[in-house]
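Here are the chains, one letter per residue:
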Amino acid sequence: MNVVLADQIQHKIDFKTKPTGALGMLEKLAFQIAQIQQTLTPELKKPHIIVFAASHGIAAHAVSAYPAEVTAQMVLNFLNGGAAINVFTRQLGIALLVVDAGVNYDFGKNEKLIDAKAGFGTNNILTAPAMSAIECDACLQRGREIVGDVQATGCNVVGFGEMGIGNTSSAALMMSKLLDLPLEDCVGKGTGLSDEQMSAKLAILHQAMQNHTDLDNNPLRVLQTFGGFEIAMMCGAMLEAADRGMVVLVDGFIASVAYLTAFRMHAKISQHAVFCHESSEKGHEILLRSLNATPILRLGMRLGEGTGCAVAYPVLQSAVAFLNEMASFESAGVSNKVA
């Protein structure tokens, strides 16, 4: 950390025409973004949200309220501009990229879709690891490459979303293992399960956990065993964004589990991560607390797709704007508080 610059950033924030700390979390965000960019005059350039989509073998066991084919159908909805994330990114002028990380569907050639298909969905984690070590490494690398391409456009702030029926199950298993928490603390109703369906989901996930008792809490092994292709690519993408000095926008429950995995690989990613919202998915509050993370928004959202990143983005814009444009006591000729 550049201590001198950090002091200068804090001084600039503190001597704006306001009581110290009066802009609350905006001040913390301004400080973080200025630190990431190592400047007193930060900018948010060409924001992007990348949505990674993949199918999950565990979806065959009705762990979601929706059938497995909805993953491919929603990807087509993204490409046609009809999903929530399309609406919000259009509203805010954020570039949206959609990645086929491993959907069980042949989309053919489509210039709107990034083809990074690692396979036609993961294995059924009840009977086998989700993916091989080679597949997992390839997904991490592909995620890194996609972020490299995005940065080359001039982007310095990137958010991550996902689509994959069954991926709350994968994320819950990963969270339980990585944080050594009971599954009951990590498993939620996902896309809207009934109480009866929730009990069945929990029983299936307990069985999956018992079928992989030789698993340690190494983040790569946990990702390979329980993750999805989209979670692995998102993890690699987050790591690359941090390595490249970008602001990393973290969405909801599944994206936060991808972040947890990345954090366990390289803790320095925490300096770059902005947690955009607290999902109403059960495990997310516990996960954020374990990461000492304060989310920008609490709106009861649980959609995924990177929607939390999009909705929170104007708050980051406000943080940067006040730091760059708000007068100081000295420049405005306003008296500071009495010593």
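This section reports on the structure supplied with the text.

What counts as what
Residues numbered from 1 in each chain as written. Predicted model: local features only at pLDDT ≥ 70, side-chain atom pairs only at ≥ 80, totals over all residues. Heavy atoms only, no water. Pairing = 2+ DSSP bridges. Helix = DSSP H or I, 4+ residues; strand = E, 2+ residues; numbered from the N terminus. Axes fitted to C-alpha atoms, helices over the stretch in contact; angles between N-to-C directions. Contact = heavy atoms within 4.5 Å. Salt bridge = Lys/Arg side-chain N within 4 Å of Asp/Glu carboxyl O. Buried < 20%, exposed > 50% of the residue type's maximum accessible area, 1.4 Å probe, protein only. Expected span 1.5 Å × (residues − 1). Arc of directions from axis to C-beta. Parallel < 35°, antiparallel > 145°, perpendicular 65-115°, else oblique. Nonpolar A, V, L, I, M, F, W, Y, C, P; charged D, E, K, R; others polar.

Spatially, the six strands line up as an open sheet ordered 3-2-1-4-5-6, and their pairing is parallel. Strand pairing shows two members of the sheet lacking a second neighbour, strand 3 (113–115) and strand 6 (273–275), which therefore form its edges. With direction set aside, neighbouring strand axes in the sheet form an average angle of 25°. Relative to strand 4 (residues 157–163), strand 1 (residues 48–54) runs parallel, the two sharing six bridges. From the neighbouring strand, Phe-52 faces strand 4, where its bridge partner is Glu-162. In the packing of helix 5 (residues 133–151) onto the sheet, the strands contacted are strand 1, strand 2 (95–102), strand 3 and strand 4, and the crossing angle to strand 1 comes to about 155°.

According to the stated counting rule, one finds 10 salt bridges in the structure shown. For Arg-298, the salt bridge identified is with Glu-278, shortest N-O distance 3.0 Å. Taken together, the residues span a long stretch of sequence, with Arg-298 in the loop between helix 12 (282–290) and helix 13 (307–325) and Glu-278 in the loop between strand 6 and helix 12 at a distance of 20 residues. For Arg-298, a relative accessible area of 57% translates into the label exposed.

Attention now moves to the pairing of strand 2. Judged from the seven bridges that link them, strand 1 and strand 2 form a sheet pairing that is parallel. By the bridge assignment for strand 2, Phe-52 is matched with Val-99.

It is worth spelling out helix 8 (residues 195–210) at this point. An ideal rise of 1.5 Å per residue puts 22 Å on 16 residues; helix 8 measures up with 23 Å between its terminal C-alpha atoms. Among the residues of helix 8, Met-198, Lys-201, Leu-202, Ile-204, Leu-205, Ala-208 and Met-209 are the ones counted as buried. Down the axis, helix 8 shows its buried residues gathered within 165° of arc, on one side only. Turned more than 90 degrees away from the buried face of helix 8, the exposed residues are Glu-196 and Gln-210.

At a minimum axis distance of 9 Å, the contact between helix 9 (residues 219–226) and helix 11 (residues 253–265) shows a crossing angle of 150°. Between helix 9 and helix 11, the angle falls in the class roughly antiparallel. Contact residues: Pro-219, Leu-220 and Leu-223 in helix 9; Thr-261, Arg-264 and Met-265 in helix 11. Partitioned by chemical class, the residues of the contact of helix 9 with helix 11 number four nonpolar, one polar and one charged.

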